[in-house]
Amino acid sequence: MRFLPVGPRTFLAELEDLDQTLALFDALLADPVPGVAEIIPAARTLMIRTAPGVFADGRLASAILARQPAPGTPPNARASETVELPVTYGGEDLADVAAHMGLSEAEVITAHQEATWQVAFCGFAPGFAYMTCDDARFDLPRRPAPRTRIPAGSVALAGRFCGVYPKETPGGWQLIGQTEVPMWDLDRDPPALLRPGVRCRFVARRAEVHPSAAIPQPRPAKGLRVISTAFPMVFQDEGRPGQGGQGVSASGALDMGAARRANRAVGNASDLPVLEITLGPVRLCADLPMTLALTGAGQASVAGHSIPRGAAFAVDAGDEITIDPPQAGMRSYLALRGGFRVAPVLGSAATDTLAHVGPDPVTAGAVLAPEDHSAVAVVAEGTEPELPKPGDLVELPVMLGPRADWFTPAMIRHFLTQEWLVTPQSSRVGIRLQGDAITREDAAELPSEGTETGAIQIPHSGQPVLFLADHPLTGGYPVIATLRPEALDLAGQIPPGARIRFTARADFAPITPERPA
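Cut-offs applied
Counting from 1, residues in each chain are numbered in the order their sequence is written. With pLDDT at 70 or above as the cut-off, local features in this predicted model cover only qualifying residues; side-chain atom pairs require 80 or more to be listed or tallied, and sums for whole chains, interfaces and linings still use all residues. Calculated side-chain values reflect all of the structure's heavy atoms, with hydrogen atoms and water omitted. Under the scheme used here, helices are H or I runs from DSSP no shorter than 4 residues and strands are E runs no shorter than 2 residues, and both carry numbers assigned from the N terminus. For the purposes of these results, a polar contact is taken to be a pair of N or O atoms within 3.5 Å, where, inside protein, one atom must be able to donate a hydrogen and its partner to accept one; residues adjacent in sequence count only when each atom of the pair is a side-chain atom. The contact criterion used is simple: two residues touch if any of their non-hydrogen atoms lie within 4.5 Å. Each residue is placed in one exposure class: buried if its accessible area under a 1.4 Å probe, protein chains only, is under 20% of its type's maximum, exposed if it is over 50%, and partly exposed if it falls in between. DSSP calls a pair of strands paired once it identifies at least 2 bridges connecting them. Note on geometry: axes are C-alpha line fits, over the in-contact stretch for helices, and angles between N-to-C directions span 0 to 180 degrees. One side-chain nitrogen of Lys or Arg within 4 Å of one carboxyl oxygen of Asp or Glu is enough to make a salt bridge.

J.: Help me understand the side chain of threonine 295 in this model?
T.: Examined against the element boundaries, threonine 295 turns out to sit in strand S19 (residues 290-296). At a separation of 2.6 Å, a polar atom in the side chain of threonine 295 contacts the main-chain carbonyl oxygen of alanine 258. Threonine 295 has contacts with Ala258, Ala259, Arg261, Ala262, Gly310, Arg331, Ser332, Tyr333 and Glu384, leaving out every residue within four places of it along the chain.

Below is the structure:
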């Protein structure tokens, strides 16, 4: 087992194969290590996140190593539930799968039904489960070129895995059938039908499945009315950590410090939902008297009078608030005293723009109703921090790894010395960078593994992608380095046209477990 650094509170435990990985996952669930907050299983790794104040270091690695089961221990301790999933066979790739396996299509269907599939881990999208079985014939290649559109409910095969696409998405797996059973349903508890450890049996019949009817939400009569906005705005709070077992990332405000300052400026608890505004301009109108605060990149004005950044301000019914595009930074955070009335999803009001979990984006015509959460006296906190502008050079500290050893020392130096341009293709999912490409000496594929917020992936193009709050839970490209947690807020404010230089020690070493005294 190797322990690969990700961040101060995160590392990867890397094992030989899927069976060893799942056996260790079972052992850690049966005998938890104190201080471990979350475990994200993948094909050959467990991503270990610790609780605040607990470091992912050699001492923690020793505790995990001590729980490693003996070789040959079957990974079946989690099997507490079996789901029967009806499938209509006849997917577009069924004939190709049959040819790969040396079987007829009917024999493929029989083998697929006779196998017991167990969820190894979740990722890619909420409710997408990577299921494996003991039949080695199902170790199949991906399609030579991915499809741009795979319908929700498609049953597919790739590698050692079977999966069911929970929503329409691009993908490169081999399609063999379709199910009408929803993989992800927020009216179900838990929303993910297939979770790590659950067993699945496929049957060739069509089920009568009636999707849950959406509960109509009454349109608020009065509140903060959105007259216009250049980009959709989203509600954000401190996110929904701990949902990795369902394939759900934490999400949350990109500049968490600014979101908390906005709430404190109006006397709210710091974890109430705020409105995250990207660039601008935005025009709002108050239907009621209210107290607001805007932090981060933008500056509000009322009736032509500018409001100091970060300061609370009161408006009367009929007052119009304008937020112009910022001169520096990317995102602003608007808090309302008493809070906004917004329904939480999985315990959070954060909007995950990649997974489509959380409240809908806010656009022109929306009316944001006030809530009546308790608030305290308003205390001024001082000036807002300076934010980067297009053309600025921003230095971001990183920790090399977990896959820095996939790159030569020369490429590591190249990564750390180059000034990377932030491109307009960036979003809440990640910052896409442009520069002289990072190359590898081979084209080895990395089995999917957990990725942390701040991970810097190197895809085949060699152009890095810096993952932000809405990033995928797992990824299949090597992560050369991971942003240190204290730099995440600043990263969320870097605009297109700015440049980034990453700073770190230029060496890399796995974490060494401490030996017992």
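Past the structure itself, the notes keep going.
J.: Would you mind going over unusual backbone geometry with me for this structure?
T.: A cis amide bond links aspartate 189 with the next residue in sequence, proline 190, at an omega value of 0 degrees. When you line up the elements, proline 190 lands in the loop between strand S13 (174-178) and strand S14 (199-203). For the bond running from glycine 280 to proline 281, omega is 5 degrees, close enough to zero to count as cis. Positioned with a positive phi, alanine 303 is a non-glycine residue whose angle comes to about 55 degrees. Along the polypeptide, alanine 303 turns up in the loop between strand S20 (300-302) and strand S21 (305-306). The residue leucine 346 is not glycine, and still its phi comes out positive at about 55 degrees. Relative to the elements of secondary structure, leucine 346 occurs in the loop between strand S24 (331-336) and strand S25 (367-368). Take leucine 346: its relative accessible area is 23%, and that puts it in the partly exposed class.

J.: Sorry if this is basic, but what is going on with the pairing of S24 here?
T.: Each regular strand shows side chains that alternate between the opposite faces of the sheet. For S24, the buried fraction is high: six of the six residues fall into the buried class. The pairing of strand S17 (residues 274-278) with S24 spans four bridges and is antiparallel. Paired with threonine 278 across the strands is arginine 331, a residue of S24.

J.: How do you make sense of the sheet that holds strand S34 (residues 499-503) when you look at a structure like this?
T.: Each strand in a sheet pairs with its neighbour through backbone hydrogen bonds, running either in the same direction (parallel) or in the opposite one (antiparallel). Overall, mixed pairing links the seven strands, which are arranged S26-S33-S30-S31-S28-S27-S34 in a closed barrel. Along the sheet, successive strands turn relative to each other by an average axial angle of 40 degrees, direction set aside. Relative to S34, strand S27 (residues 420-422) runs antiparallel, the two sharing two bridges. In the strand pairing of S34, leucine 421 is matched with arginine 499. Along the sheet face, helix H6 (residues 409-417) touches strand S26 (393-400), S27, strand S30 (455-457), strand S33 (479-483) and S34 and points at about 130 degrees away from the line of S34.

J.: I would appreciate a short explanation of the pattern of salt bridges in the present structure.
T.: Side-chain pairs of opposite charge can arise whenever the charged atoms involved come near each other. Using the criterion set out here, one finds 28 salt bridges in the structure. The salt bridge involving glutamate 14 is made with arginine 2; its shortest N-O contact spans 2.9 Å. Of this pair, glutamate 14 sits in strand S2 (residues 10-14) while arginine 2 sits in strand S1 (residues 2-7); the two residues are 12 residues apart in sequence, bridging distant segments of the chain. Note on glutamate 14: relative accessible area 10%, which makes it buried. Here arginine 505 makes a salt bridge to aspartate 507, at a shortest N to O gap of 2.8 Å. With a relative accessible area of 63%, arginine 505 lands in the exposed category. Each of Arg2, Glu14, Arg403, Asp405 and Glu449 takes part in salt bridges that share partners, so that together they form one network.

Such coordinate-based values are descriptive only and should not be taken to indicate function.
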